[in-house]
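What the coordinates show
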Amino acid sequence: MPHFIETQFPIARLSAEAYKERKANNSQTLTRLGKWWGRKPLILVRAAVVGMLMPASGNPKKDREIFLKILTMDDFGTLSRWREDKRFNDAEMRSLATIDECRSWDELDQKYQKARDKVKMLRVASKQVAREDKEAKQKARDAIEDAERQVECRWMDFNQFRSELQVACFGRLSYTERLTRCERPENVEGPTSDAWQEINAHLGTTATSLNDLVQQLGQCAFGHVPRVGDAFCGGGSIPFEAARIGCEAFGSDLNPVAGLLTWASLHLLGGGKEVQEEVIRVQAQALAETDAQVTEWGIEHNQQGERADAYLYCVEVKPEGCDYFIPLAPSWLVGEKSKAVCHWKKAPGSNRLEPEIAIVSANEVDAFKAGKNATVVDGRVIDPFDRDRSWSVEALRGPEGLRRWVNDDIVPRPGDVFQERLYCIRWVKTVYQNGKLKEIRRYAAPTDADLERETRVLSLLRKQFDRWQAMGFIPSKPIISGYNTDQPIRERGWTYWHHLFTPRQLLIHGLLAEISSRLAKTKEAKVGCLLGLGRIADWNSRLSAWMFHSTNEKGNQVFYNQALNCHFNYAGRGFTKLVDTFSISSSSEDAELHRNAKIIQIDARDLLTTCDIWLTDPPYADAINYHELGDFFLAWYDKQLAKEFPDWTPDARAELAVRGDGEDFRRSMVDVYRNLTRHMPDNGIQMVMFTHQDPGVWADLGMILWAAGLKATAAWTISTETEAAGIKKGNYVQGTVCLVLRKRAVDEPGFLDEVYPLVEDEVKRQIASMQALDEDGEPNFNDSDYQLAAYAAALKVLTQYSNIDGRDVEHEVFAVRARNEKSDFQIVIERALGIACDYLVPRGLDYSWRDLSLSERYYLRALDIESRGERRKGMYEELARGFGVNDIRALLKSDKANGARMHTASGFASTLLAQADGAVADSNALPTRRGRGASAAIHPFATSPLRHLLFAIRETAANDNNPEPGRQYLRDTFGQNYWNQRERFISLLEWLAQLGNAAGMEEWHTDSEAARILVGRLRNDQA
Ligand SMILES: C[S@@+](CC[C@H](N)C(=O)[O-])C[C@H]1O[C@@H](n2cnc3c(N)ncnc32)[C@H](O)[C@@H]1O
């Protein structure tokens, strides 16, 4: 029997939930432990596990309803997640209420006001009753009491009405809009007892919590609590969430930094209250002791009672022929909000310029922001006193490159090309103002006393340096050359990880590392402190760019993207600004998740653990060099990690990392998945997730999994990554493909000629079932989902067989082919897409679709996806592949990666219209009739009736919506055939007339109007 996820998945709702989770930034459950790249949203993991455990019944609608209930993603569930502080205000409510509701609201309000006025009036009247007239006085009092009761009743009516209206209005929001007002599912209790009754009735369970349900479903499917494993566990989303919902969780990763994060998710966040409190206590004490030492050293405080919380450094160079060192920055704006800028002055008798911090006007801020006085522009160093003089940064590094720093180098040596200097400090003083504590901040250039403090920092560090390196409190590892790691080596000569930190950063981080290692007694506390060190390293490094534009004006995270970028000016943080980053704030997780979890560090090819469900997210085409970037953190954990995890190798073992997309990658992936398949029961189930930009790339992955002995049963795309994901607008969406797989139990041969009709049937069946789910309610699927489903359907058929026409799958995966040569298997998969495209008729075009050529269908289908907000060029290309259209350039108005659009009727002008001689019409002349002698060089669209119809629309629009020239053009072009085509023209024109109404299709306004007028004329046309 298939499981829920093999029949359907609520893609739209899940995408919205995943987006919400992503947008929560630091309040995401696991991200606060530390940086890892490509973390999967917990809600997606939760939905995937439940979907893999829940059996599908014969009633898909009911299944869906129940599935959403389990995840509190049904309508009632979202209502129960609605936050108290996110109720509607009156204006919002009025904008959502019906006219009748507004009227009732006003009436109830008036009744209430009237009742209050009556009380007021009675009170005034009662004051006029003479005190001695006891009876009258009593009567007045009674009347007031009566009226007050009326007020209360009216108020209750009014309130009751408003509460009901709140709920009604909430129900009118789209799912995405609702979510902006809701808690995430992970932060609420779960389904209500009524919901559990319904869930249990449908599934035949007796659960009262998600954990119960998961365990009962596991029992049913596998005879025990379900074991869920992830062999590429990274930041730990999969094992953490699996454990949290009641599974036995297994996680492994090759990289020890990933291992540490996953271990911490389960043992620290999932370690129970006591463990967390101990970690928080140790961290707080370590911070307090470090603070006391920093204060005693006097390295952050000045004579005026201020403490520094930001140190701004820049690189300096002295190019040949220049008498002074030029400080480098792409902008000398210090703070946009504080309007501080840095000016540089020559200093008599010195070859170092002097910084001066000034507060300037808003206009000047804008000028600085736009690069006024910048000393690095487009890779060239600019002389600040003669802006016509410049040197290329590349050339300054010299033909041999920069001197490579050695371990002992902490600051540049005097002869180095790039020097470093402190040019600005932000000082903070807390004062008592108007009964409140207030922070006063000011920026200043460093004084002699400040520079003396810098020297003191350096000498304090030098004293500890060797010992701290030996003990592992500061990094001591060399940087291993690689795609990302070569950048600091090449651009700054930094060859050891500690070179990426200023002396001040090394001193404070090292001190905190030493103190916390002394204070932490438990493994959890030690790991908590290590991860804290990793986090402060990420925010306090020579790679932390200064963000003058941020509201708080602060140093940036090193890993704001997936690289090791070197900046010319950067920021160090004062100790006070490290406190929050070092600490884990208290966790909401009470459960002891580690009891049901096991985390190891191992190459996925070697693991020996058996799981019922493998849920993996391999490093594929995501271009993240985990093994290189992770070393930034490993350099800080290094020896401490080795002590706590003696079985782990404190090394990224780059040579074993799965990466790239070439032959090596395919080989290691087949090995990994063959191993996982070996380590699951026959009725086990797998999901492979990967985030893609081009839906085409995943067919390759399908082949790999096929070769590994798996068969596909379904595939779904969830938008997980970026801005527009939650609103399904398409622009910058990155989908995560979730491929569901089972073990291929028998070795059955397949034959291509038999496979084609099966693929065709499967594609149609799959699409029809998705369309049926889409019919009522919000759309779940967009075009890429349908295309993906077509691929998956083809894979479903193909992967049942162990060979096709006697050819072995593995052999096919590794066969060497010419660049554009396709295997028969790929051709079958692409054919599936063609079938899907044929089957997906834009709404309203059913009548004429059958008679259209492939290029006409492509153009209309492309317009259809454009009108639904799809702008990714990849999707237009994918569609073209499905329709077998080779050249789409001529049809696209814009082919920007995320801004693809089709030409409008007028936008084509008279291009791409076939001339009698086979050439393309020039834009001034009316084209001649089609047909005669169209040569092979002509684009198939150029000779199509649709193209001529578009021209007729253009003619109508160009003649102030006079339809006559357009109609005449069609009659001239098609002759007698015009009458046969007329009905089809009418149907196409009606469709095009609607196009301009769609959001984002404003470019079609004029042509749609022209189409509307032309269609009227054609309808009334008579021979
Ligand atoms: C896309 S990430 C996984 C992210 C994870 N799902 C999460 O939510 O954080 C892929 C992971 O595969 C790991 N990896 C690469 N090669 C590996 C191998 N040979 N064996 C095990 N893990 C490997 C990388 O270290 C990386 O953490």
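Thresholds applied
- Residues numbered from 1 in each chain as written.
- Predicted model: local features only at pLDDT ≥ 70, side-chain atom pairs only at ≥ 80, totals over all residues.
- Heavy atoms only, no water.
- Helix = DSSP H or I, 4+ residues; strand = E, 2+ residues; numbered from the N terminus.
- Buried < 20%, exposed > 50% of the residue type's maximum accessible area, 1.4 Å probe, protein only.
- Contact = heavy atoms within 4.5 Å.
- Areas by Shrake-Rupley, 256 points an atom, 1.4 Å probe, with all protein chains shown as cover.
- Disulfide = S-S within 2.5 Å.
- Near = heavy atom within 4 Å.
- Polar contact = N/O pair within 3.5 Å; in protein donor to acceptor, adjacent residues only side chain to side chain.
- Nonpolar A, V, L, I, M, F, W, Y, C, P; charged D, E, K, R; others polar.
- Pairing = 2+ DSSP bridges.
- Phe/Tyr/Trp six-rings, centres within 6.5 Å; stacked < 30°, edge-to-face > 60°.
- Lys NZ or Arg CZ within 6 Å of the ring centre and 35° of its normal.
- Axes fitted to C-alpha atoms, helices over the stretch in contact; angles between N-to-C directions.
- Parallel < 35°, antiparallel > 145°, perpendicular 65-115°, else oblique.
- Left-handed = near helix turned anticlockwise from the far one by under 90°.
- Expected span 1.5 Å × (residues − 1).
- Salt bridge = Lys/Arg side-chain N within 4 Å of Asp/Glu carboxyl O.
- pLDDT = per-residue confidence, 0-100.

We now examine the overall build of the protein chain. In terms of regular secondary structure, the protein chain is built from 36 helices and 25 strands. Seen through its principal axes, the protein chain has C-alpha atoms that stretch 110 × 100 × 70 Å. Across the 1023 residues of the protein chain, 57% fall into the buried class. Nonlocal contacts in the protein chain, meaning residues at least 24 apart in sequence, comprise 73% of its contacts between residues at least 6 apart. Looking at the protein chain as shown, the accessible area adds up to about 43500 Å², and 48% of this sits on carbon and sulfur atoms.

Here the focus is the state of the cysteines. What is meant by a disulfide is a covalent connection between two cysteines, made through their sulfur atoms. For the structure shown, the criterion picks out zero disulfides. Cysteine cysteine 220 remains unbridged, with the sulfur of cysteine 247 as its closest cysteine sulfur at 15 Å. For cysteine 220, a relative accessible area of 71% corresponds to the exposed category.

This next bit is on the site of the ligand. Around the ligand sit 26 residues, and of these Lys40, Gly235, Asp253, Asp617 and Val658 come closest. Serine 237 is positioned with one of its side-chain polar atoms (N or O) 3.3 Å from an oxygen atom of the ligand. For the ligand, whose accessible area on its own is 600 Å², the fraction buried by protein is 98%. Of the residues contributing to the shell around the ligand, the split by class is 13 nonpolar, six polar and seven charged.

So, about the sheet that holds strand E9 (residues 380-383). Across the sheet, three strands lie side by side as E8-E9-E10; this open sheet has antiparallel pairing. Sheet topology places strand E8 (376-377) and strand E10 (386-392) at the edges, where each strand pairs with a single neighbour. Note that E9 and E10 share four bridges and pair antiparallel. Considered in E10, the bridge of aspartate 383 is made with aspartate 386.

As enumerated under the stated definition, the model contains 37 aromatic pairs in all. Ring centres of phenylalanine 4 and phenylalanine 67 lie 4.2 Å apart, and the angle between their planes is 20°; this geometry places the pair in the stacked category. Here phenylalanine 4 is found in helix H1 (residues 4-7), whereas its partner phenylalanine 67 is found in helix H4 (residues 60-70), with 63 residues between them in sequence. Note on phenylalanine 4: relative accessible area 0%, which makes it buried. Aromatic pair tryptophan 344 and tyrosine 423: ring centres 6.2 Å apart, planes at 50°, arrangement tilted. Linking tryptophan 344 in strand E6 (residues 340-345) with tyrosine 423 in strand E11 (residues 419-433), this pair joins segments that are 79 residues apart in sequence. Put simply, the rings of Trp36, Trp37, Trp497, Phe501, Phe559, Tyr626, Phe632, Phe633 and Trp636 pair up and form one aromatic cluster. The ring of phenylalanine 385 has lysine 346 lying over it, and the distance from NZ or CZ to the ring centre is 4.6 Å.

Time to look at the packing of helix H35 (residues 977-995) against helix H36 (residues 1005-1019). For the pair H35 and H36, the least separation of the axes is 8 Å and the interaxial angle reads 150°. By the angle class used here, H35 and H36 are roughly antiparallel. As H35 runs across H36, the sense of the crossing is left-handed. Across the interface between the two elements, Tyr978, Arg982, Phe985, Ile986, Leu989, Glu990, Leu992, Ala993 and Leu995 of H35 pack against Ser1008, Ala1011, Arg1012, Leu1014, Val1015, Leu1018 and Arg1019 of H36.

Mapping valine 282 onto the fold places it in helix H14 (residues 273-297). Its relative accessible area of 0% is what places valine 282 among the buried residues. The spatial distance from the C-alpha of valine 282 to the C-alpha of glycine 528 is 9.0 Å, given a sequence separation of 246 residues. Apart from the residues lying within four places of it in its own chain, the contact partners of valine 282 are Leu519, Ala520, Ala525 and Cys529.

A separate point is helix H7 (residues 99-128). Between its terminal C-alpha atoms H7 stretches 44 Å, which fits the 44 Å expected from 30 residues at 1.5 Å a residue. Taken together, the buried positions of H7 are occupied by Glu101, Cys102, Trp105, Leu108, Tyr112, Ala115, Val119, Leu122 and Ser126. Contact partners of the buried residues in H7: helix H6 (90-96) and helix H8 (134-172).

Let's shift gears to the packing of helix H13 (residues 256-269) against helix H20 (residues 523-539). One can describe the packing of H13 onto H20 by two numbers: an axis separation of 10 Å at closest approach and a directional angle of 130°. In terms of their interaxial angle, H13 and H20 are classed as oblique. The two elements H13 and H20 cross, and the hand of that crossing is left-handed. For the pair H13 and H20, contact is made by Leu260, Leu261, Trp263, Ala264, His267 and Leu268 and by Lys523, Glu524, Val527, Gly528 and Leu531, respectively. Broken down by class, the residue content of the contact of H13 with H20 amounts to seven nonpolar, two polar and two charged.

For strand E15 (residues 569-573), a buried count of five out of five residues is recorded, marking the element as mostly surrounded by other parts of the structure. Here E15 shows two buried faces, one formed by Asn569, Ala571 and Arg573 and the other by Tyr570 and Gly572. Where strand E3 (residues 307-317) lies against E15, five bridges are found, and the strand directions are antiparallel. Along E15, the bridge assignment pairs tyrosine 313 with tyrosine 570.

Moving on to the pattern of salt bridges. Counted by the stated rule, this structure contains 74 salt bridges. Its salt-bridge partner being arginine 244, residue glutamate 186 comes within 2.6 Å of it at the nearest N-O pair. Of this pair, glutamate 186 sits in the loop between helix H9 (175-179) and helix H10 (193-203) while arginine 244 sits in helix H12 (residues 237-244), placing them 58 residues apart in sequence. Since its relative accessible area comes to 14%, glutamate 186 is described here as buried.

One can find phenylalanine 232 in the loop between strand E1 (227-230) and H12. Sequence separation of phenylalanine 232 and threonine 616 is 384 residues, and the distance between their C-alpha atoms is 6.1 Å.

Bringing the sheet that holds strand E23 (residues 807-808) into the picture now. With respect to topology, three strands assemble into an open sheet ordered E21-E22-E23, the strand pairing being mixed. With partners counted over all chains shown, the strands left at the sheet margins are strand E21 (748-750) and E23, one partner each. Taken together, the three bridges between E21 and strand E22 (residues 801-804) define a ladder with parallel strand orientation. Within E22, the residue paired with glutamate 748 across the bridge is tyrosine 801.

A few words now on unusual backbone geometry. Trans peptide bonds make up the majority, and among non-glycine residues the majority have a negative phi. Here the phi dihedral of asparagine 373 falls at roughly 65°; this positive angle occurs in a residue that is not glycine. For asparagine 373, the location among the structural elements is in the loop between helix H15 (362-369) and E8. Using a relative accessible area of 30% as the deciding quantity, one classes asparagine 373 as partly exposed. Of note in the backbone geometry, alanine 909 takes a positive phi value of approximately 50° without being a glycine. Within the element layout of this structure, alanine 909 appears in the loop between helix H32 (905-908) and helix H33 (945-958).

Bridge analysis of strand E5 (residues 333-335) against E6 gives two bridges, and the strand direction is antiparallel. Bridge pairing links glycine 335 to alanine 340 in E6. With antiparallel pairing between neighbouring strands as the criterion, E5 and E6 make up a hairpin whose turn holds four residues, including lysine 339 at a positive phi of roughly 60°. Relative to strand E7 (residues 354-359), E6 runs antiparallel, the two sharing six bridges. Bridge pairing in E7 places alanine 340 opposite isoleucine 359.

On average, the protein chain scores 90 in pLDDT, and the residues at 70 or more come to 94%. Low pLDDT, under 50, characterises residues 722-733; the stretch is placed with 37 contacts to residues that sit more than four places away or in other chains. Per-residue pLDDT stays below 50 along residues 915-935; that stretch engages in 40 contacts with residues further than four places along the chain or on separate chains.

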